[in-house]
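Structural description and commentary
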Amino acid sequence: MNELGDYSFVRSHTLDASMQLSVTQNIPLTGGTVRLTSSLDFLHQYGSNGPANRFMTIPVALSLSQPIFGVNTLKWRGRIEPVKYAEAKAEFMSATEDVALQTVNLYFNLILSRENLSIAEQNLENARKLYTVAQEKRKMGKISNNDLLQMELNVLDADGELTQCRSALKASMFSLRSHLGLDEDAEIVPVVPAAVPVAHISYDHALAQALANNKFAHNIRRRQLEADYEVAKAKGDMRQINLFAQIGYTGTDTSLGDAYSRLRGNQLVEVGFSIPLVDWGKRKGKVKVAESNRRVTESRLRQESMDFNQELYVLVERFCNQRQQLDLAMRANEIARRRYDTNVQTYLIGAISTLDLNDSQQRKDESMRAYINELYLFWNYWYQIRSVTLYDYQSQTLIDNDVARYIQ
């Protein structure tokens, strides 16, 4: 400012650079933070008559930051994060079982498609043979023209059914090949499983395994902990006080060496807190909202737990009843096949009508499809229980895939 009181701008050119290295360690017991810091600041003034360079150093400084009366966030994270990891691991293992379940679905679709094709081929062959016999019987006047036309219609229906079954088989083959990552020219020959696992599964044991291993159980625990943490945090914010302390050395000089040799002690202690004189109940309102949200969460968790237990109970009951259903379907399939073979021979000697023969053929085909469907349901329930409980009831061991091997 000159003698007239005017200000004039003085141009200044400086170069400023800084470097800092710090190591931080959390204190889970108290929720505080300890930090070890070393820093160097450099300032160069262009066009100055004094020293052009200035170094300011902090060779070492130890600082502590500690919340007082507040919530220990590190302690809560130490409780929540392991549950999160267990939930993620359980979800991954359940996903691998779901892949197996999807494979079972596609495999049995292929089995059913091939069985339908085999049935269609056999039905067409039988329809042609019976139509030839019917033509001879018509010539001898043993059957009516209507029966002959019906046998011809059976041949046409069987031929059309065969074409559709071939198309369905190709589609099922393509789906399974795509799921397994096989080449387009790979030929999969499905085999109907001759045996099923022998295992007794009780609801109490399945529920215990599910509550210990399933991702849903970990999800329930995590959400409960998070709700409790929000309440604790809201209460802690009502009386939050922060303590900051630092001890170390600092130095400043025009040369780098002297800045590190001419050191002075540096101690700093700060205590900060804020007390609103009037907050119109804002902090208490936050606590009430957090507590209300926790009650809502607990109510939802109870309902979800009841639904989960009920669904598991139904699944176990269906699996336990499925073996009996499978045995009944196997027996029905044997009887229907023998009945059809007998009716074919009986029709050839003219002892039964065409309608009776067609009915036995239809029952034979339906019983075979029903048997395959019951077999599919058994394996479907089996892998569903494995996915829910993460327990192998055949080997009586936990399903524990090497998760780390997949995420590296």
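Here we summarise the structure given alongside this text. Small disclaimer: the values here were computed from a predicted structure and weren't measured.

With respect to helix α6 (residues 282-348)
Here α6 spans 93 Å end to end across 67 residues, near enough to the 99 Å set by a 1.5 Å rise per residue. Of all the bends in α6, the greatest, near 30°, is centred on Gln322. After α6 finishes, the residue Gly350 shows a positive phi value of roughly 80°.

Notes on the environment of Arg363
Following the sequence through the fold, Arg363 ends up in helix α7 (residues 354-389). Its relative accessible area of 48% is what places Arg363 among the partly exposed residues. For Arg363 and Ala336, which are 27 residues apart along the polypeptide, the C-alpha to C-alpha distance reads 6.3 Å. Ignoring anything within four residues of it in the chain, the contact list for Arg363 reads Ala336 and Arg339.

Some details on the pairing of strand β2 (residues 32-46)
Alignment of strand β1 (residues 13-27) against β2, held across 15 bridges, turns out to be antiparallel. Considered in β2, the bridge of Met19 is made with Leu40. Relative to strand β3 (residues 53-68), β2 is paired through 11 bridges, and the arrangement is antiparallel. Paired with Arg35 across the bridge in β3 is Ser63.

What counts and how
Residues numbered from 1 in each chain as written. Predicted model: local features only at pLDDT ≥ 70, side-chain atom pairs only at ≥ 80, totals over all residues. Heavy atoms only, no water. Helix = DSSP H or I, 4+ residues; strand = E, 2+ residues; numbered from the N terminus. Expected span 1.5 Å × (residues − 1). Bend = angle between axes of the 7 residues up to and from the residue. Buried < 20%, exposed > 50% of the residue type's maximum accessible area, 1.4 Å probe, protein only. Contact = heavy atoms within 4.5 Å. Pairing = 2+ DSSP bridges.

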